[in-house]
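Spelled out, the chains give:
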Amino acid sequence: MVIRAITVAGAGQMGSGIAQVFAHSGFNVTLYDIEQEAVNRGFSAIESSLSRFVHKGRIREDQKFATLSNLTLSTDLGHACNSDLVIEAAPEKIETKKILFKSLDRICKEHALLTSNTSSLSITEIAAATARPENVIGMHFMNPVPIMPLVEIIRGLATSDDTYDHILSLTQALGKTAVTVKDFPGFVSNRLLMPMINEAIYAVYEGVATPAAVDQVMTLGMNHPMGPLALADLIGLDTCLSIMETLHDGFGDSKYRPCPLLRSYVQAGWLGRKAGRGFYLYSERG
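Heads up: these notes are all about the structure in this document. Quick caveat: nothing in here was measured; it's all calculated off a predicted structure. Sequence order as written defines the numbering, with residues in each chain counted from 1. Totals for whole chains, interfaces and linings use all residues, but because this is a predicted model, local features are given only for residues with pLDDT of at least 70 and pairs of side-chain atoms are given and counted only at 80 or more. As a rule here, side-chain values come from all non-hydrogen atoms in the structure, and water together with hydrogens is ignored.

**Digging into helix α1 (residues 13-24)**
Rules: Secondary structure elements follow DSSP: runs of H or I no shorter than four residues count as helices, runs of E no shorter than two count as strands, and numbering proceeds from the N terminus. For a helix, the expected span equals 1.5 Å multiplied by the number of residues minus one. Think of it in three bands: with a 1.4 Å probe and only protein chains considered, a residue is buried below 20% of the maximum accessible area for its type, exposed above 50%, and partly exposed in between.
An ideal rise of 1.5 Å per residue puts 16 Å on twelve residues; α1 measures up with 17 Å between its terminal C-alpha atoms. α1 sits mainly inside the fold: ten of its twelve residues count as buried. Where α1 is concerned, the buried positions are Met-14, Gly-15, Ser-16, Gly-17, Ile-18, Ala-19, Gln-20, Val-21, Phe-22 and Ala-23. After α1 finishes, the residue Gly-26 shows a positive phi value of roughly 95°.

Encoded structure:
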């Protein structure tokens, strides 16, 4: 099977980044979301990202316009019927994803591959919502997608070798590095990253240090490019909480218990950069 047409279901931070990468690589990409405003925001984010790349000399102006010309915007999931591949980038809620995959299974061509960008949820459980679990696989891109080179590929219990081979080749064609992992909560990336972020939040919660001090310890002392609390704000504190809950539920181990301060911030709507406030305050310029 040759993959030419792609639908990205979800036009948020991750979905728009995924759409940009595929469109830049010459694929015809439909960027879908349930609301037109969300689709428009996603397209604007792609335009801004490409403009920054032009300004920095990473791409040419004609490449920017070629990438944008490969994009189609839609609020009709039915448009996925012509796609060879669908990449789901919906909120990190298992029921939301299962409902979406059930719909995609009904809409898409028989040969179409259905992938999830989930950062922690079970690919096997998501695939079970379809009648084609052998065609379902995880493609976990890293944030920001256009810059980060890694993609975790997660095989569900029923994922076929053919599906895996197609997705592995596709990932490499994007210029990304593929790492194959098993279908465990959090996979590898978030099984390691999120407990570190959670512990950093505990350090603030217990009064050990301020957010800025915690981040300085990790950037200046451990040579991390970004402190764990600034990174949590970038990822979204609601996403961090969802992943920690998945780890806690999946492993049943108290070491994955979400910090109460993280839960309080999410309840307050302090979700990080996208909300203008998390562990730091953000202007429109970030």
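Picking up after the structure, the text goes on.
**Observations concerning the packing of aromatic side chains**
As a reminder, the rule being used: In this scheme Phe, Tyr and Trp rings, the latter by its six-membered ring, pair at centre separations within 6.5 Å, and the angle between planes marks the pair as stacked below 30 degrees, edge-to-face above 60, and tilted otherwise.
A full pass over the atoms with the stated rule returns six aromatic pairs. With a centroid separation of 6.4 Å and an interplanar angle of 70°, the aromatic rings of Phe-22 and Phe-141 are classed as edge-to-face. Residue Phe-22 is found in helix α1, and its partner Phe-141 is found in strand β6 (residues 136-141); the two are separated by 119 residues along the sequence. The residues Phe-22 and Phe-141 share a single accessibility class, namely buried. For the ring pair Tyr-265 and Trp-270, a centre distance of 5.1 Å and an interplane angle of 75° mean the geometry is edge-to-face. Tyr-265 sits in the buried class, given a relative accessible area of 16%. A relative accessible area of 27% places Trp-270 in the partly exposed class. By way of ring pairs, the aromatic residues Phe-22, Phe-27 and Phe-141 are connected into one cluster.

**Considering the pairing of strand β5 (residues 113-116)**
Operational definition: Strands qualify as paired when DSSP identifies two bridges or more between them.
Residues Leu-113 and Thr-115 line one face of β5 and the alternating positions Leu-114 and Ser-116 line the opposite face, and both faces are buried. Where strand β4 (residues 85-88) and β5 come together, four bridges link them in parallel fashion. Paired with Ile-87 across the two strands is Thr-115, which belongs to β5. Taken together, the three bridges between β5 and β6 define a ladder with parallel strand orientation. Bridged to Thr-115 within β6 is Ile-137.

**Focus on the pattern of salt bridges**
Stated formally: The term salt bridge refers to a pairing of a side-chain nitrogen on Lys or Arg with a carboxyl oxygen on Asp or Glu at a separation within 4 Å.
Inspection of the entire model under this criterion finds eleven salt bridges. Here Glu-37 ties to Arg-41 by a salt bridge, and the two come within 3.3 Å at their closest N and O atoms. Of this pair, Glu-37 and Arg-41 both sit in helix α2 (residues 36-55), four residues apart, which is roughly one turn of that helix. With respect to class, Glu-37 is no different from Arg-41; both count as exposed. With its nearest N and O atoms 3.7 Å apart, the salt bridge here joins Glu-95 to Lys-98. Linking Glu-95 with Lys-98, this pair stays in helix α4 (residues 94-107), spanning three residues, or about one helical turn.

**Considerations on the nonpolar core**
The tendency in soluble globular proteins is for nonpolar side chains to be buried side by side. Inclusion rule: The set of buried Ala, Val, Leu, Ile, Met, Phe, Trp, Tyr and Cys residues whose side-chain atoms join them within 4.5 Å is what this entry labels a nonpolar core.
Grouped together as the largest cluster of nonpolar side chains are 32 residues, with contacts concentrated most on Ile-6, Phe-22, Phe-27, Val-29, Leu-85, Phe-141 and Ile-167. Elements represented by at least two residues in this core include exactly β1 (5-9), α1, β2 (28-32), α2, β4, β6, β7 (150-155) and α6 (161-173). At six residues, α1 tops the list of elements feeding residues into this core. Membership of the second largest hydrophobic core comes to 25 residues, among which are Val-204, Ala-232, Leu-241 and Leu-261.

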